[in-house]
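A closer look at the structure
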Amino acid sequence: MSVLESVDKSELKDMLGKGWLTHDGMWFLHTSRAFGVEHANTLNKAAIRSLAPIEMSRVKKVLGTGEASFESFASLEEFLLNAFELILPASVFQDFKFGASSDNTLHWEWEEGECFAFKGMTQIGIIDEYRCGVIYRIECWLDALGVEFSIDPKIEGCIMHTTGTCSGDIRVHLGD
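These numbers were taken from a predicted model, which means no experiment stands behind them. Sequence order as written defines residue numbering, which begins from 1 separately in each chain. A pLDDT threshold of at least 70 governs which residues receive local features in this predicted model, and a stricter bar of 80 or more applies before side-chain atom pairs are shown or counted, although totals over entire chains, interfaces and linings include all residues. Values shown for side chains rest on all heavy atoms present in the structure; no hydrogens or waters enter the calculation.

Here's the deal with the side chain of Thr-31
Condition: We count a stretch as a helix when DSSP gives it H or I for four or more residues in a row; a strand needs E for two or more, and each element gets its number in order from the N terminus. Whether two residues are in contact is decided by their heavy atoms, any of which lying within 4.5 Å being enough.
Tracing the sequence through the fold places Thr-31 in helix H2 (residues 9–35). Dropping the residues within four chain positions of it, Thr-31 is found in contact with Gly-36, Ala-40 and Leu-43.

Below, the structure is given as structure tokens:
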């Protein structure tokens, strides 16, 4: 029996997901050391923006969604929840709440102090200058899916660092 056959699928997914998050954090750390935090923020957002269409295409393929557009709010919500479940390690996803809060509005919320980016950027000592890539990634996903939206609050830095919480709403405009 191969090692892949002997390892629990959820444990493997969690390990691979954490590896991706750790790589992302280490990339940010070394880029900020070499070129400064503002340059690392700029490059991080550029990488997220260019990754989003590829990532959404892959998620659509895995979920069997194909090239269908999202004409109902419920189908978009379900797709995004499934995307998070596929991409985020379960040990991280458990601390992130995401779903409909009202008609055409998605609400996100991290458990207090539990956002992986907040923890990582705090640990490496650059949280004051970090520009959130986590919520930006969701915005880029929506752009890649061709979904119009507005977000409140507009995220620039790390709001968990500045306010103690990270939560907000994304108002989706489907045929409005």
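Observations regarding the pairing of strand S1 (residues 96–102)
Along any regular strand, the residues point their side chains to alternate faces of the sheet. To be explicit about the condition: Pairing between strands is defined by DSSP: at least two bridges between them are needed.
Sheet topology note: the S1/strand S2 (residues 105–110) ladder contains six bridges and is antiparallel. Opposite Ser-102, over in S2, you have Thr-105 as the bridge partner.

A word on the packing of aromatic side chains
Given two aromatic rings, their pairing is described by the distance between the two centres and the angle made by the two planes. Worth spelling out the cut-off: When the centres of two rings from Phe, Tyr and Trp lie within 6.5 Å, Trp using its six-membered ring, the rings pair. Their planes under 30 degrees apart give stacked, over 60 give edge-to-face, and anything left gives tilted. Exposure classes here rest on a 1.4 Å probe applied to the protein chains alone. A residue is buried below 20% of its type maximum, exposed above 50%, and partly exposed in between.
By the definition in use, this model includes eight aromatic pairs. Measuring from ring centre to ring centre gives 5.0 Å for Phe-84 and Trp-141, while their planes differ by 40 degrees; the resulting arrangement is tilted. Note that Phe-84 is positioned in helix H4 (residues 73–87) and Trp-141 in helix H7 (residues 134–144), a separation of 57 residues in sequence. Taking the relative accessible area as the measure of exposure, Phe-84 reaches 6% and is therefore buried.

Take it as geometry only, folks, not as evidence of what the structure does.
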